[in-house]
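# Residue-level structure breakdown
Listed below, chain by chain, are the residues.
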Amino acid sequence: MSRQQLDARRMLCPMPVIKTQNQVAAMQVGDEVEVICTDPGALNDIPAWARINGHSVIDTVQDEDEIRITVRVGA
Amino acid sequence: MTKQHKAVALISGGLDSMLAVRVLQEQGIEVEGINFYTGFCVEGHTHAIRNHDKEKQKRNNALWVAEQLGIKLHIVDVIEEYKDVLLNPKHGYGANMNPCLDCKIFMVGKAVEWVKEHHKDGFDFIVTGEVIGQRPMSQRKFTMPIISEESGADDLLLRPLCAKNLPETKPEREGWVDREKLYDFHGRNRKPQIALAKQFGLHDFASPAGGCCFLTDKSYSDKLVDLWQARNSREYELDDIMLLKVGRHIRPSDEFKLIIARDAGESKFLEGYRKQYTSLHALSHNGPMALVDGELKQEQYPLAAAIVARFGKGRSAEEVEIDIATPDQQRQQIKTAPLSADEVLQEWYV
Ligand code: SF4
């Protein structure tokens, strides 16, 4: 199992979703990716994208100007 | 047992593509969605930048539609490739800078490519929510075969909402889908779609007025053309086209334009660009964040400061102190009288 980070800071939705999707495509089931972003839209879009495509959001941390969303790759 | 057939559908986030997918799901077709991001897409979060839109649901409509339909959605970044579609549309533009017909051909063509790349997943055909006569430029009876042909999809492109008005496609001929259960919608009347949505129990869907992207918007198109003229070049980057969606754009000179936030939400958004653009904001009063696009020469500082002062709380004050910061954070403060409303000339507004 691997754990990666993805820097999507300053990107506007849907770019953080697209970057997450492309990264996940190159990962294995059970791997995790932590997406760091600044567009609050990602709080809605990344979980929606994960639900639709069979992945899960296992952690969300939001501080003043950064959001970290961890996605676990599903089957 | 007969093979279950699979289709990939172009999902814009609007009602039509949503219905097209539902119609096929009723026939037992497995559908996945594909959505292309050109950078110009009308999209919840850019609206949400402004304060008064905060209450609106901050959702990405394409993702929302996919979730309602229970289908996978693949979002494809086509920002770079789309430039050529916008700059050199073989079939021309619509009422504004929207190259709808070329855009449709491009997107269906990208779907054809995507299906080839994902041949292991075994997609049999491509689906769109197009309706004959729905849009003046791209959705006409004569444009339908043009899209099929020039995209390379040919008779593997099925439009379930108006299929009965069009020649039979392969999925119909081969009996993968039952043509009888497809529709014959046409024209601009949206009642049949609304009725069908009701029948399927779909509600709360988005219905964009003009089209699926900002290029159908007159004021957006004007700003885009102004940008190209001022730069003497039609090149653009993603930041350029995002910034056209935000703020008042005021061009007092050929050399530069000010992008002035209209509320706190936009100010915060523009703040994020201060390392790339020269920025101005009032120190002595509350006021908007402003960015400079182009070159602001030292001798133009007073004019730029006086304009920005006009849009803040100090507009009737005798003097407003404005901070001007270059991208490398060289700062200068200027005390100036704000321009009056009349002194901000109407022709400066882009
Ligand atoms: S409205 Fe925009 S996205 Fe939709 S077809 Fe026209 S150019 Fe393409």
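Everything that follows concerns the structure shown earlier in this document.
Before going further, it helps to spend a moment on the overall build of chain B. Of regular secondary structure, chain B possesses 12 helices and 11 strands. Counting only C-alpha atoms and orienting by the principal axes, one finds that chain B spans roughly 80 × 40 × 40 Å. The buried share of chain B, reckoned over its 350 residues, is 56%. Put simply, of all contacts in chain B between residues at least 6 apart along the chain, 67% involve residues at least 24 apart. In chain B, which carries 46 positive and 52 negative side-chain charges, the distance between the mean positions of the two groups comes to 4 Å.

In this section: the environment of B:Ala341. Locating B:Ala341 in the fold gives a position in the segment after strand 11 (331-336). Sequence spacing of B:Ala341 and B:Arg310 is 31 residues, and the spatial spacing of their C-alpha atoms is 7.4 Å.

The partner chain A presents 18 residues to the 23 residues of chain B that form the contact. Here chain B meets chain A over a buried area of about 1700 Å², counting both sides, of which 58% is carbon and sulfur. Along the contact surface separating chain B from chain A lie 1 salt bridge. Note that A:Arg51 is salt-bridged to B:Glu67, the shortest N-O span being 2.5 Å. On inspection of chain B and its partner chain A, the count reaches 5 residue pairs in polar contact (both at pLDDT 80 or more).

Counting across every chain of the model gives 26 salt bridges over all chains. When the shortest N-O distance is used, the salt bridge between B:Arg251 and B:Asp226 registers 2.8 Å. One end of the pair, B:Arg251, is in the loop between strand 6 (248-250) and strand 7 (256-260); the other, B:Asp226, is in helix 9 (residues 218-231), and 25 residues separate them in sequence. Exposure remark for B:Asp226: the relative accessible area of 14% places this residue in the buried category. A salt bridge links B:Arg262 to B:Glu266, with the shortest nitrogen-to-oxygen separation between them at 2.9 Å. By relative accessible area, B:Arg262 is classed as partly exposed at 35%. If you follow the salt bridges from partner to partner, you end up with A:Asp7, A:Arg9, A:Glu34, A:Glu66 and A:Arg68 in one network.

Residue A:Cys13 is joined to A:Pro14 through a cis peptide bond whose omega torsion reads 10°. For A:Pro14, the position within the fold is in the loop between strand 1 (3-8) and helix 1 (15-25).

This part is about the environment of B:Glu347. Here B:Glu347 shows up in the segment after strand 11. Separated by 276 residues in sequence, B:Glu347 and B:Ile71 have C-alpha atoms that sit 49 Å apart.

All names here are of chain B. The buried fraction of helix 12 (residues 301-310) amounts to 8 of the 10 residues, a majority that puts the element mostly inside the structure. Every buried residue of helix 12 is listed here: Tyr301, Ala304, Ala305, Ala306, Ile307, Val308, Ala309 and Arg310. On the buried face of helix 12, the contacting elements are strand 6, strand 7, strand 8 (278-282), strand 9 (290-294), strand 10 (320-325) and strand 11.

Rules behind the numbers
Residues numbered from 1 in each chain as written. Chains lettered and ligands numbered in written order. Predicted model: local features only at pLDDT ≥ 70, side-chain atom pairs only at ≥ 80, totals over all residues. Heavy atoms only, no water. Helix = DSSP H or I, 4+ residues; strand = E, 2+ residues; numbered from the N terminus. Buried < 20%, exposed > 50% of the residue type's maximum accessible area, 1.4 Å probe, protein only. Contact = heavy atoms within 4.5 Å. Lys, Arg positive; Asp, Glu negative; His and termini not counted. Charge placed at Lys NZ, Arg CZ, Asp CG, Glu CD. Buried area = accessible area lost by both parts, 1.4 Å probe. Salt bridge = Lys/Arg side-chain N within 4 Å of Asp/Glu carboxyl O. Polar contact = N/O pair within 3.5 Å; in protein donor to acceptor, adjacent residues only side chain to side chain.

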